[in-house]
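A look at the structure
The residues making up each chain are set out below.
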Amino acid sequence: SSMSNIRRMEDTQPEYKLIGLQPLVSSLYDSAKIICTKNGKELILQNDISVLQLSLDSAFISQVCNNLISNAVRYARTLVTISFTLHDNGLLLSVSESNHSEHFGLGLYICKLLCEHHNGYLKIENTATGANVSAYFKSPAL
């Protein structure tokens, strides 16, 4: 089932809609908070969004965000940080966890596919205290 799921993801294209960024951030944060609380982790939000709207596929972003948060709570000892920034006419979503163990699975491959279909990228970095995953979703030129 995972393989057919991936095949479907490889063919999925984003449906761009002009969306309000603050309601999107609030919704993503609320979902992340539920996942973190259930798993006994603290969640920190960093929101540096300064524009009201961008043309994005919120379903792609939600799926990637939920996947990254689920990964983070699995491997973080206590703390998960989610941050939202505008970058190059798009949305940059970063999830970092401290004191992680090395593991990046199929979920991150799906995130990578969704980001690339949205003309963005997924970047995974080890940091001094853990790991950071950044997902970038580019908005089409208006």
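Whatever comes next refers back to the structure up there.
A brief look at the structure comes next. Small disclaimer: the values here were computed from a predicted structure and weren't measured. (Residues numbered from 1 in each chain as written. Predicted model: local features only at pLDDT ≥ 70, side-chain atom pairs only at ≥ 80, totals over all residues. Heavy atoms only, no water.)

**Focus on the sheet that holds strand β7 (residues 130–138)**
Where we set the bar: Following DSSP output, two strands are said to pair if at least two bridges run between them. To qualify as a helix, a DSSP run of H or I must reach at least 4 residues; to qualify as a strand, a run of E must reach at least 2; elements of each kind are numbered from the N terminus. Lines fitted to C-alpha atoms define the axes here, with helix axes fitted over just the stretch in contact, and angles between the N-to-C directions of these axes take values from 0 to 180 degrees. Whether two residues are in contact is decided by their heavy atoms: any pair within 4.5 Å suffices.
Reading across from one edge, β2-β4-β5-β7-β6 is the order of the five strands in this open sheet, with mixed pairing throughout. Among the strands making up the open sheet, the edge pair consists of β2 (42–48) and β6 (121–126). The average undirected angle you get between the axes of adjacent strands in this sheet is 15°. Examined bridge by bridge, β6 and β7 share six bridges and lie antiparallel to one another. Bridging from a neighbouring strand, Asn-126 pairs with Ala-131 of β7. Relative to β2, helix α2 (residues 21–38) is tilted by about 170°, and along the sheet it contacts β2, β4 (79–86) and β5 (90–98).

**What about the nonpolar core?**
Rules: Think of a nonpolar core as a cluster: buried Ala, Val, Leu, Ile, Met, Phe, Trp, Tyr and Cys residues, connected wherever their side-chain atoms sit within 4.5 Å. The buried label applies to any residue whose accessible area, calculated with a 1.4 Å probe on protein chains only, is under 20% of its type's maximum; exposed applies above 50%, and partly exposed to all values in between.
One finds Leu-68, Ile-69, Val-80 and Ile-82 to be the most contacted residues of the largest nonpolar core, which totals 39 residues. Those elements giving two or more residues to this core turn out to be α1 (2–11), α2, β3 (53–56), α3 (58–75), β4, β5, α4 (106–117) and β7. Not counting the four nearest positions on each side in its chain, Val-80 is found in contact with Cys-36, Lys-41, Glu-42, Leu-43, Ile-44, Ile-69, Ala-72, Val-73, Val-95 and Ser-96.

**Brief notes about the side chain of His-118**
For His-118, the position within the fold is in the loop between α4 and β6. Classification of His-118 by relative accessible area gives buried; the value is 0%. Leaving out residues up to four positions away in the same chain, His-118 has contacts with Pro-14, Tyr-16, Leu-56, Asp-57, Phe-60, Phe-137 and Lys-138.

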